[in-house]
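The primary structure of each chain is shown beneath.
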Amino acid sequence: MERIHNFSAGPAVLPREVLEQASDELMNWHGCGMSVMEMSHRGKEFTTILEAAEADLRDLMKIPANYKVLFLQGGATLQFAQVPLNLMAGRSADYLVTGDWSKKAYKEAQRYGDARLVASTEAEGFTRFPAQAEMDLDPDAAYLHVCTNETIRGVEAFDEVALPASVPLVADMSSHILSRPMDVSRYGLIYAGAQKNVGPAGVCLVIVREDLLGHASVHTPTLLDYAIQAEHVSMLNTPPTFAIYMAGLVFKWLLDKGGVAAMERINVEKARRLYDAIDGSGGFYRNPVAMANRSRMNVPFTLHDPRLDEAFIAEARGHGIVQIKGHKSVGGMRASIYNAMPVEGVQALVDFMADFGQRHG
Ligand SMILES: *Cc1c(COP(=O)(O)O)cnc(C)c1O
């Protein structure tokens, strides 16, 4: 059976080659006579898998040696609590709100300490990433939390150099990690739930600079203490072994493809085709995000007449295009075009959009 064009925001499409390899290895991983799901997380087979995943991620992202890589559970949502528990250390923390996810992170942090809002674009409908001059930054904050790609509104921060750097930057990169080269050294901590651009749901990547470890609040559950997790190499308890294995296969696939710089070229092309289709539709399709912040991973768009939404979704399905409905808070459509979405999938959507626009315009 042919695979469908899956534009889900997450859990999302995975590379076909990765699924095929996982399928080949499912019953008997590398001749050991069992599945990855069935092996001890402390055995030498799984240790090999975990070490390779970390080494490949370090290679892909050029992660400096003074950063720890953790494979945790609880998704990005648990990081909204885990970050303040570990890093606030009795001080206040700055939060930039540029969309639904960073707003959630800000709200959750208020449960653990003094979370300060440095700027919010909510009044403008979350359609851009603000400049540093607009932020009311505290030079003594424990950290500044940002979401560098807002998955729901499709707002991406591209200019790393323009991000404030006077205090450690904490970035939620759940929906665009590994989509292009990023300078890890600019961040104190990066986190990303896997199910968008990395692998299946169940594992969350945390990349954290070593000097930020060891300041957790006394109320921090042992399992949520980064320093203790780092000391135990993410194996304080049973890690999500199969999800880590799958993420590891995705890392190998990315290396095979030429790494994140090669992915960026493809992602630029995919995004260009889709935004061109929207902008060139004479107002039939619309995306309200500022040009400089239009996400390459999540492309929300509305139809000029929302009464056409249902027909669009139904007809798209007939063309093998699924999970295209926009988030309920925004309406319209959203096409998530992560690394694993091939150019052909985007082209199929673009062709369908043109055809639908002609018939209903
Ligand atoms: C999906 C998403 C989250 C939440 O991820 P979970 O793994 O479901 O907790 C947080 N932040 C961003 C940017 C996301 O895209």
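Each chain carries its own residue numbering, running from 1 in the direction its sequence is written. In keeping with the predicted nature of the model, local features appear solely for residues at pLDDT of at least 70, side-chain atom pairs appear and are counted solely at 80 or more, and the whole-chain, interface and lining totals rest on all residues. Each side-chain value is derived from all of the structure's non-hydrogen atoms; neither hydrogens nor water enter the calculation.

### Focus: the sheet that holds strand β11 (residues 285-286)
The test is simple: In this analysis, strands are considered paired if DSSP registers two or more bridges between them. Elements are defined by DSSP. Helices are runs of H or I of four residues or more, strands are runs of E of two residues or more, and each kind is numbered from the N terminus. Any two residues having at least one pair of non-hydrogen atoms within 4.5 Å are treated as being in contact. To define axes, lines are fitted to C-alpha atoms, for helices over the stretch in contact only, and angles between the resulting N-to-C directions are given on a 0 to 180 degree scale.
Pairing within the open sheet is antiparallel, and its 3 strands lie in the order β11-β12-β14. Whereas interior strands pair on both sides, the edge strands pair on one side only; in this sheet they are β11 and β14 (333-336). Taken together, the 2 bridges between β11 and strand β12 (residues 298-303) define a ladder with antiparallel strand orientation. Bridge assignment links arginine 286 to a residue of β12, and that residue is threonine 302. Here helix α7 (residues 259-279) sits on the sheet and contacts β11, β12 and β14; the angle it forms with β12, its principal contact strand, is near 15°.

### What about the site of the ligand?
Heads up, the condition is: Distances are taken per atom, and a residue is near a molecule or strand as soon as one of its heavy atoms is within 4 Å of it. The definition of a polar contact used here is a pair of N or O atoms within 3.5 Å, where within protein one atom must be able to donate a hydrogen and the other to accept one, and adjacent residues in sequence count solely through side-chain atom pairs. A 1.4 Å probe and the Shrake-Rupley method give the accessible areas. Residues count as covered only by the protein chains that appear here. Three classes are used: nonpolar for Ala, Val, Leu, Ile, Met, Phe, Trp, Tyr, Cys and Pro, charged for Asp, Glu, Lys and Arg, and polar for all others, with Gly counted as polar.
Around the ligand lies a shell of 13 residues, among which Thr77, Thr151, Asp172, Gln195 and Lys196 are the nearest. In this structure, an oxygen atom belonging to the ligand sits 3.2 Å away from a main-chain N or O atom of alanine 76. A distance of 2.6 Å separates an oxygen atom of the ligand from a polar atom in the side chain of lysine 196. Taking 380 Å² as the accessible area of the ligand by itself, protein coverage stands at 87%. A per-element tally of the shell around the ligand places helix α3 (residues 75-87) first, with 4 residues. Looking at the shell around the ligand residue by residue, the classes come out as 4 nonpolar, 7 polar and 2 charged.

### Structural notes on the environment of threonine 77
Considering the arrangement of structural elements, one finds threonine 77 in helix α3. Once the C-alpha coordinates of threonine 77 and alanine 192 are considered, the two residues, 115 residues apart in sequence, prove to be 9.6 Å apart.

### With respect to helix α9 (residues 343-360)
The condition is simple: Every helix has an expected span of 1.5 Å times one less than the residues it contains. Each residue is assigned to one of three classes by its accessible area relative to the maximum for its type, calculated with a 1.4 Å probe on protein chains only: buried under 20%, partly exposed between the two thresholds, exposed over 50%.
Here α9 is 18 residues long and its end C-alpha atoms lie 26 Å apart, about the 26 Å a rise of 1.5 Å per residue gives. For α9, every residue scored as buried is listed here: Val343, Gly345, Val346, Leu349, Val350, Phe352, Met353, Phe356 and Gly357.

### Looking at the sheet that holds strand β10 (residues 204-209)
Across the sheet, which stays open at both edges, the 7 strands sit in the order β2-β10-β9-β8-β5-β3-β4 with mixed pairing between neighbours. Two strands bound the open sheet, and with one partner strand each, they are β2 (67-72) and β4 (115-120). Adjacent strand axes in the sheet meet at a mean angle of 20° when their direction is disregarded. Against the sheet, helix α2 (residues 44-61) touches β2 and β10, its axis set at about 130° to β2. Across the sheet, α3 lies against β2, β3 (93-97), β8 (169-172), β9 (189-193) and β10, angled at about 155° from β9, the strand it touches most.

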